[in-house]
Amino acid sequence: VELGTRRLNLRIPPGVTDGQVIRLAGQGAPGVGGGARGDLYLKVALRPDPVFSVEGRDVSVSLPVAPWEAALGATVQAPTLGGPVELRIPAGSDSGRRLRLRGRGLPGSPPGDQYVILRVVLP
């Protein structure tokens, strides 16, 4: 058995989740007796993000809002993976309320959702 290192350039498909395994056919070690190369399996580990958290295909983000925005309702900018969007906060919202943005999570079949968790903060 020969151990060595080599560099591979590969494209990670969109929508890969934490713990998913990617198979690279023919990139493993050579077979016994001069046989064909085996497959290389990569286990994906997502690096934590300071803004977003991932649960399966769903993405969560905490959004600070002013007390009057939560009490009276407002339209605010919310960060998403594809860029900021306008989000309407319903009147009478409490801190901890989860608002769903359908299809704004990780891509795939079906795509995930993004949850915006309201956090009422004092200015």
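All of the points below concern the structure found in this document. Here the residue index of a chain counts from 1 through its sequence in written order. Given that the model is predicted, a residue must reach a pLDDT of at least 70 before its local features are reported, and side-chain atom pairs must reach 80 or more before they are shown or counted; all residues, however, enter totals for whole chains, interfaces and linings. Only hydrogens and water are removed before side-chain values are computed, so all heavy atoms of the structure are retained for them.

Some words on the sheet that holds strand β3 (residues 52–55)
Next, step 1: We treat two strands as partners when DSSP finds at least two bridges between them. Starting at the N terminus, helices and strands are each numbered in turn, a helix being any DSSP run of H or I of at least four residues and a strand any DSSP run of E of at least two. As summarised here, the arrangement of the 4 strands in space is β3-β4-β8-β7, forming an open sheet in which the pairing is mixed. Two strands bound the open sheet, and with one partner strand each, they are β3 and β7 (98–101). With strand direction ignored, the average angle separating the axes of adjacent strands in the sheet is 30°.
Next, step 2: Here strand β4 (residues 58–65) pairs with strand β8 (residues 114–120) via 7 bridges, running parallel. Throughout, an axis means a line fitted to C-alpha atoms (over the contacting stretch in the case of helices), and angles, computed between N-to-C directions, take values from 0 to 180 degrees.

Examining the nonpolar core
Next, step 1: Nonpolar core, defined: a set of buried Ala, Val, Leu, Ile, Met, Phe, Trp, Tyr and Cys residues in which side-chain atoms within 4.5 Å join the residues together. When a residue's accessible area, from a 1.4 Å probe over protein chains only, is under 20% of the maximum for its type it is buried; when over 50% it is exposed; and in between it is partly exposed. Counting residues in each nonpolar core, the largest one holds 17 residues, and the members touching the most others are L63, V65, A78, L87, V116 and L118.
Next, step 2: Those elements that place two or more of their residues in this core are β4, β5 (74–78), β6 (85–89), β7 and β8.
Next, step 3: Contacts were defined at the residue level, with two residues in contact if any of their heavy atoms lie within 4.5 Å. If sequence neighbours within four positions are ignored, L118 has contacts with L63, V65, I89, S93, D94, S95, G96, R97 and L99.

Topic: the pattern of salt bridges
Next, step 1: Every case where a carboxyl oxygen of Asp or Glu lies within 4 Å of a side-chain nitrogen of Lys or Arg is listed as a salt bridge. A full pass over the atoms with the stated rule returns 2 salt bridges.
Next, step 2: Ionic pairing is found between R23 and D39, a salt bridge with its closest N-O pair at 2.7 Å. Taken as a pair, R23 in strand β1 (residues 21–24) and D39 in the loop between β1 and β2 (40–43) lie far apart in primary sequence, 16 residues in all.
Next, step 3: Here R100 ties to D113 by a salt bridge, and the two come within 3.5 Å at their closest N and O atoms. With a gap of 13 residues between them, R100 in strand β7 and D113 in the loop between β7 and β8 connect regions that are remote in the sequence.
Next, step 4: Its relative accessible area of 13% is what places D113 among the buried residues.

Overview of the pairing of β8
Next, step 1: Examined bridge by bridge, β7 and β8 share 4 bridges and lie antiparallel to one another. The residue bridging L99 from the neighbouring strand is V116, located in β8.

Examining the side chain of T80
Next, step 1: With respect to the helices, strands and loops of the structure, T80 is situated in the loop between β5 and β6.
Next, step 2: Those residues within four positions of T80 in sequence are excluded, and the remaining contacts are F52, V85, L101, R104 and Q114.

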